[in-house]
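Structural features, examined
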Amino acid sequence: MTRRVLVLNGPNLGRLGSREPDVYGRQDLSELRTRLAEVAAADVEIDLRQTDDEAELIGWLHAAVDAGEPVILNPAAFTHYSYALRDACALITKAGLALVEVHISNPAARETFRHTSVVSAVATGTIAGFGFDSYVLALRGVGLADPA
């Protein structure tokens, strides 16, 4: 039986690799997909998605609740102000599912407006500042990485 994890990415993360490489690195989402597949347990499917649309992201979170799937979420700019996204995230954890908030950079070490996350309070945990390894650590945190 295959287990699945949703790895959801918010606005502007489709530009990884070319967007502010000094902050986000030079790797893109296809390289993130490859990295996660390398560390995932053999029976785990990585469903990696990105959208700039808040409503689409919320819809994916609702679908995760219905499917009983854990979520690794980089809310990007929505982190700081989207109460609608926060409420959808709360549905995940209130259903007893894991939701790990991830950030490639460390928002606390950046501009003041990035210091507040409306998602963190309802997330199972938050991992930030480790580049793509933030996602790898989150995959380990939800118990879906290969133990080797």
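Below, the structure is looked at part by part. (Residues numbered from 1 in each chain as written. Predicted model: local features only at pLDDT ≥ 70, side-chain atom pairs only at ≥ 80, totals over all residues. Heavy atoms only, no water.)

1. Concerning the nonpolar core
The following threshold applies: Residue types Ala, Val, Leu, Ile, Met, Phe, Trp, Tyr and Cys, when buried and joined through side-chain atoms within 4.5 Å, form a set referred to as a nonpolar core. Categorising residues by exposure relies on relative accessible area from a 1.4 Å probe, with only protein chains included: less than 20% of the type maximum marks a residue as buried, more than 50% marks it as exposed, and the intermediate range marks it as partly exposed. Only runs of H or I of at least four residues qualify as helices and only runs of E of at least two qualify as strands under DSSP, and these elements are numbered from the N terminus. Only heavy atoms enter the contact rule, under which two residues are in contact if any of them lie within 4.5 Å.
Residues Val-5, Val-7, Leu-36, Ile-46, Ile-72, Tyr-135 and Leu-139 are the most contacted members of the largest nonpolar core, which totals 27 residues. Secondary structure elements with two or more residues in this core: strand E1 (3-9), helix H2 (29-39), strand E2 (44-50), strand E4 (99-103) and helix H5 (133-141). Each residue touching Ile-72, except ones within four places of it in the same chain, is listed here: Val-5, Leu-6, Val-7, Leu-8, Val-100, Val-102, Tyr-135, Ala-138 and Leu-139. Formed by 21 residues, the second largest nonpolar core is a distinct cluster that contains Val-71, Ala-88, Val-122 and Ala-123.

2. Concerning the sheet that holds E1
What counts is decided by this rule: Whether two strands pair depends on DSSP finding at least two bridges between them. In this description, a line fitted to the C-alpha atoms serves as the axis of each element, helices being fitted only across the stretch in contact, and the angle between N-to-C directions of two axes falls anywhere from 0 to 180 degrees.
If you trace the five strands from one edge of the open sheet to the other, you get E2-E1-E3-E4-E5, paired in parallel fashion. Edge strands, defined here as strands with exactly one partner in the open sheet, are E2 and strand E5 (125-128). Across this sheet, the average inter-strand angle for adjacent strands is 20°, counted without regard to direction. Here four bridges tie E1 to strand E3 (residues 71-74), and the two strands are oriented parallel to one another. Each bridged residue has a counterpart across the sheet, and for Val-7 the counterpart in E3 is Ile-72.

3. A look at H2
Filter applied, for reference: Taken from the helix axis, the directions to the C-beta atoms give the arc we talk about.
Listed as buried for H2 are Leu-29, Leu-32, Leu-36 and Val-39. Along H2, the residues classed as buried sweep out an arc of 85° about the axis, all on the same side. Turned more than 90 degrees from where H2 packs its buried face, Ala-37 and Glu-38 sit exposed. Against the buried residues of H2 lie E1, E2 and H5.

4. Here we look at the packing of aromatic side chains
Which entries qualify depends on this criterion: The rule is short: rings of Phe, Tyr and Trp, with Trp giving its six-membered ring, pair when the centres are within 6.5 Å, and they are stacked under 30 degrees, edge-to-face over 60, tilted in between.
Following the criterion strictly, the structure yields two aromatic pairs and no others. Here the aromatic rings of Phe-78 and Tyr-81 are separated by 6.1 Å at their centres, their planes lie at 75°, and the arrangement is edge-to-face. A ring pair is formed by Phe-132 and Tyr-135, whose centres lie 6.1 Å apart and whose planes are at 90°; its orientation type is edge-to-face. Here Phe-132 matches Tyr-135 in class, with each residue buried.

5. Quick notes on H5
Where H5 is concerned, the buried positions are Ser-134, Tyr-135, Val-136, Ala-138 and Leu-139. Gly-143, located one to two residues past H5, shows a positive phi value of around 75°.

6. Considerations on the pairing of E4
Heads up, the rule is: Seen with its strands pointing away from the viewer, a crossover is right-handed when the path leading from the first strand over the helix to the second is clockwise.
By the criterion of burial, E4 is predominantly enclosed, with five of the five residues buried. Residues Leu-99, Glu-101 and His-103 of E4 are buried on one face, and the alternating residues Val-100 and Val-102, pointing to the opposite face, are buried as well. Where E3 meets E4, three bridges bridge the pair, whose relative direction is parallel. Bridged to Leu-73 within E4 is Glu-101. Once you follow E3 into helix H4 (residues 83-94) and on to E4, the crossover reads as right-handed. Strand direction decides the pairing type here: E4 and E5, joined by four bridges, are parallel. Counted as the bridge partner of Val-100 is Gly-125 from E5.

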